[in-house]
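# Topology and contacts: notes
Listed below, chain by chain, are the residues.
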Amino acid sequence: MMRIPKLLGVLSLAALGTASATFLAAGYFARRVVVPSTTRREDLEVRRVFSTKEDGVLHIELPSTPLTTAPGRYSLWFASGKGHACIGGVVDEDTRAGTVTRLVERVDSGNLHDARAGIWSGYAYSKPEQLGLPFEHVMVQVGDGIAPAWKFPPLTAGPTASTWAIHVHGMGGKRAGVLRGVPVAQQLGLTSLVVSFRNDGDAPPSNDSRYSLGQNEWLDLEAAIQFAMDHGAERLVLFGWSLGGSMAMRAAHLSVHSDRIVGLVLIAPVLDWAVTLTSNGSSSGLPRPVTRLGLRMLGSETGRRVTGLKQPIDLSTLNWVARATDLKRPALILHGARDKSTPLAVSERLAELRPDLVQLERFDVPGHSLEWNGDTEKWEATVSNFLKSLPAD
C-alpha cells in the first residue's frame, strides 16, 4: 500500500486552518495515492549481524517492534533495494535493551554485514528460483506492450492442470511478493501464473503513469486471463493481494471469461478504497476534511489537474461492500486483525453480507499482507481446503 509521510513534514498544523492550506494538503494526499513510488526509506535500523560460535548460523539484531518480534518468516531489503535477506524466527529478545535477535535463513543478494538499515517486508522470496519449483519466463500481451510473468507447471500431471491460479500483487509491490502463494497451488496440481501489471516497474507504464486503484489495472489481469485461456486453461482461480484483490473482484465481474473463474483467494484485499484511504490518511496524521477533499479530487474532472490522472477514478465502482450483490463466485479472504493499512472491518462486512459465498479467515498478525508470514501452516491449510471445495466444473 501507499505510504504517506506524516503531515508535519508537509505543512504545519497551524496552517491547516486556512482553506488554501487544506487544498494543498488534499492535493498532496491525492497525488501520493496515485503516483507510483520508486523508492522507500530504509527506516529499520540494523543493530548487528553476527554468526554464532557454536554452529556458525547467521543472526540479525534489530530494534523490538510489533513487526520485528512477530512470529514467522519475513525479509529485509537493504542497500537501496539491491540487497535482500530472508529472516526466520525469533531466537532472543532483550526487553531492557529493546532489541530482538532473529535467525537469517538466506541472503539472496547484497552484503548483509554492511547493512545499517533496511525495510521489513513479507517477501520471503525475492526470485522464483528460491521456491525450488520448475518455472518458465513468459510474456503477456497487454494494452501498452508486453508484461513479464512467471509460469509454474503443476508438480504432477492430472485433471487439475487445466485449472490455473493467477497471482496478482498489490500497490507498490512486485510479483515476487506473491510467490508465497504458489506452493500450495502447485501441491494441488494447479498451473500458476505470477503476473506483473502497469506501473509496477516490470510491465509497461500506463499512459498517464498513475495508479487507478484497480479501475484500469484489471485490464492487465484480463490480458493474463486471456493468456491462460490461450494456453490450455479451462478453470481459473484468482489470487489477489491488497490492490490485486480489488483487481480480482473487478475481473470476476467484468472479464469476458468470468464464467471460467471458479474462485477468488483474496489476501488483505482492498474492498472499499474510500475507507482504506481514509484509514491511511488518519494513521499519517491527516485531518478528515483533508482526506475527504483528496478523495473528491481523485473522482473529479477538475481534480485531474492536481493528480495527473487521464480520467477520474470512480470510487463507487470499486466499493465491493456496497456492490456485495455483484459477487457471483466463492471467495476466501485472509486478513490480519491488526492491519492498519487495509482495515479488517471492511472484509468482515462483506463476509456478513455474503455468507453464502465469502469465507473470512482472520490472522493475528501486525502489518499488511503478512498473513502467510505469521502463520504459514494455517494460511496454506485454509487455502488448500478452499481450493478443494470449489466446484469441479
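Let me sum up the structure you'll find in this document. (Residues numbered from 1 in each chain as written. Predicted model: local features only at pLDDT ≥ 70, side-chain atom pairs only at ≥ 80, totals over all residues. Heavy atoms only, no water.)

### Digging into the sheet that holds strand β4 (residues 74-78)
Our working definition: Pairing between strands is defined by DSSP: at least two bridges between the two strands are required. Helix and strand labels come from DSSP, where a helix needs a run of H or I of at least four residues and a strand needs a run of E of at least two; each type is numbered from the N terminus.
Taking strand neighbours across the sheet as the criterion, the 7 strands line up as β1-β7-β4-β5-β6-β3-β2 in an open arrangement whose pairing is antiparallel. Taken across any chain shown, the strands that pair with only one partner, and hence form the sheet edges, are β1 (44-45) and β2 (48-51). Alignment of β1 against strand β7 (residues 117-121), held across 2 bridges, turns out to be antiparallel. Paired with Glu45 across the bridge in β7 is Ala117.

### Considering the pattern of salt bridges
Spelled out, the test is: Any carboxyl oxygen of Asp or Glu that lies within 4 Å of a side-chain nitrogen of Lys or Arg is treated as forming a salt bridge with it. Between buried and exposed lies partly exposed: a residue is buried under 20% and exposed over 50% of the maximum accessible area for its type, with that area taken using a 1.4 Å probe on protein chains only.
Enumeration according to the criterion identifies 15 salt bridges in this entry. Two residues, Arg362 and Glu348, come together in a salt bridge whose shortest N-O distance is 3.0 Å. Note that Arg362 is positioned in strand β15 (residues 358-366) and Glu348 in helix α8 (residues 344-353), a separation of 14 residues in sequence. Between Lys378 and Glu361 there is a salt bridge whose closest N-O contact spans 3.6 Å. Residue Lys378 is found in helix α10 (residues 376-389), and its partner Glu361 is found in strand β15; the two are separated by 17 residues along the sequence. Take Glu361: its relative accessible area is 24%, and that puts it in the partly exposed class. Salt bridges linked by common partners bring Lys174, Arg175 and Asp202 together as one network.

### Let's talk about the environment of Leu298
Residue placement: Leu298 occurs in helix α6 (residues 288-298). Between the C-alpha atoms of Leu298 and Ser80, which are 218 residues apart in sequence, the distance is 31 Å.

### Notes on the nonpolar core
One recurring pattern in soluble globular proteins is that nonpolar side chains are buried together. To keep things clear, this is the line we draw: Put simply, buried Ala, Val, Leu, Ile, Met, Phe, Trp, Tyr and Cys residues joined by side-chain atoms within 4.5 Å make one nonpolar core. In this analysis, two residues are considered to be in contact whenever any of their non-hydrogen atoms come within 4.5 Å of each other.
Of all hydrophobic cores here, the largest spans 68 residues; its most connected members are Ile166 and Leu264. Counting residues per element, this core draws most heavily on helix α3 (residues 218-230), which supplies 8 residues. Those residues within four positions of Ile166 in sequence are excluded, and the remaining contacts are Leu193, Val195, Leu221, Ala224, Ile225, Ala228, Leu236, Val237, Leu238 and Phe239. If you look at the next biggest cluster of nonpolar residues, it comprises 32 residues, including Leu133, Phe152, Phe239 and Phe386.

### Some details on the packing of aromatic side chains
Spelled out, the test is: For Phe, Tyr and Trp, where Trp contributes only its six-membered ring, two rings pair if their centres lie within 6.5 Å, and the inter-plane angle classes them as stacked under 30 degrees, edge-to-face over 60, or tilted in between. A positively charged side chain is recorded as over a ring if its NZ (Lys) or CZ (Arg) lies within 6 Å of the ring centre. The angle to the ring normal must also be within 35 degrees.
Under the definition given, this model contains 6 aromatic pairs. Sitting over the ring of Phe50, Arg48 keeps its end group 3.9 Å from the ring centre. Directly above the ring of Phe363 sits Lys378, whose terminal nitrogen or CZ lies 4.5 Å from the centroid.

### A word on the pairing of β15
Keep this limit in mind: By convention a crossover is right-handed if, when the strands point away from the viewer, the path from the first strand over the helix to the second runs clockwise.
Pairing of strand β14 (residues 331-338) with β15 involves 7 bridges; the strand directions are parallel. In the strand pairing of β15, Leu332 is matched with Gln359. Read as a crossover between parallel neighbours, the route from β14 over α8 to β15 is right-handed.

### Description of the sheet that holds strand β12 (residues 235-241)
The strands making up a sheet associate through backbone hydrogen bonding, with each pair oriented either parallel or antiparallel. Put simply, the rule is: Every angle, taken between N-to-C directions, lies between 0 and 180 degrees, and every axis is a line fitted to C-alpha atoms, over only the stretch in contact when it is a helix.
Ordered in space as β8-β9-β11-β10-β12-β13-β14-β15, the 8 strands form an open sheet in which the pairing is mixed. Edge strands, defined here as strands with exactly one partner in the open sheet, are β8 (136-142) and β15. Averaged over all adjacent pairs, the angle separating strand axes in this sheet is 25 degrees, with direction ignored. In this sheet, strand β13 (residues 261-267) lies alongside β12 in parallel orientation, the contact comprising 6 bridges. Among the inter-strand pairings, Trp241 is bridged to a residue of β13, identified as Ile267.

### Remarks on the side chain of His169
Short version of the rule: Any N or O atom pair separated by 3.5 Å or less is treated as a polar contact, with the protein-specific requirement of one donor-capable and one acceptor-capable atom, and with residues adjacent in sequence counted only for side-chain atom pairs.
Position of His169 relative to the elements: it lies in the loop between β10 (163-168) and α2 (182-187). A distance of 2.8 Å separates the side chain of His169 from the side chain of Asp200, its partner in a polar contact.

### Describing the pairing of strand β5 (residues 83-94)
Sheet analysis places β4 next to β5, joined by 5 bridges and oriented antiparallel. Across the sheet, the residue bridging to Tyr74 is Ile87, located in β5. Counted along the chain from β4 to the antiparallel partner β5, the turn is 4 residues long, and its residue Ala79 has a positive phi close to 55 degrees. Relative to strand β6 (residues 99-109), β5 runs antiparallel, the two being bridged by 8 bridges. Note on β6: the bridge partner recorded for Glu93 is Val100. Between β5 and β6, which follow one another and run antiparallel, lie 4 residues, and Gly98 among them has a positive phi close to 70 degrees.

Note that all results are geometric; they support no functional claim without further evidence.
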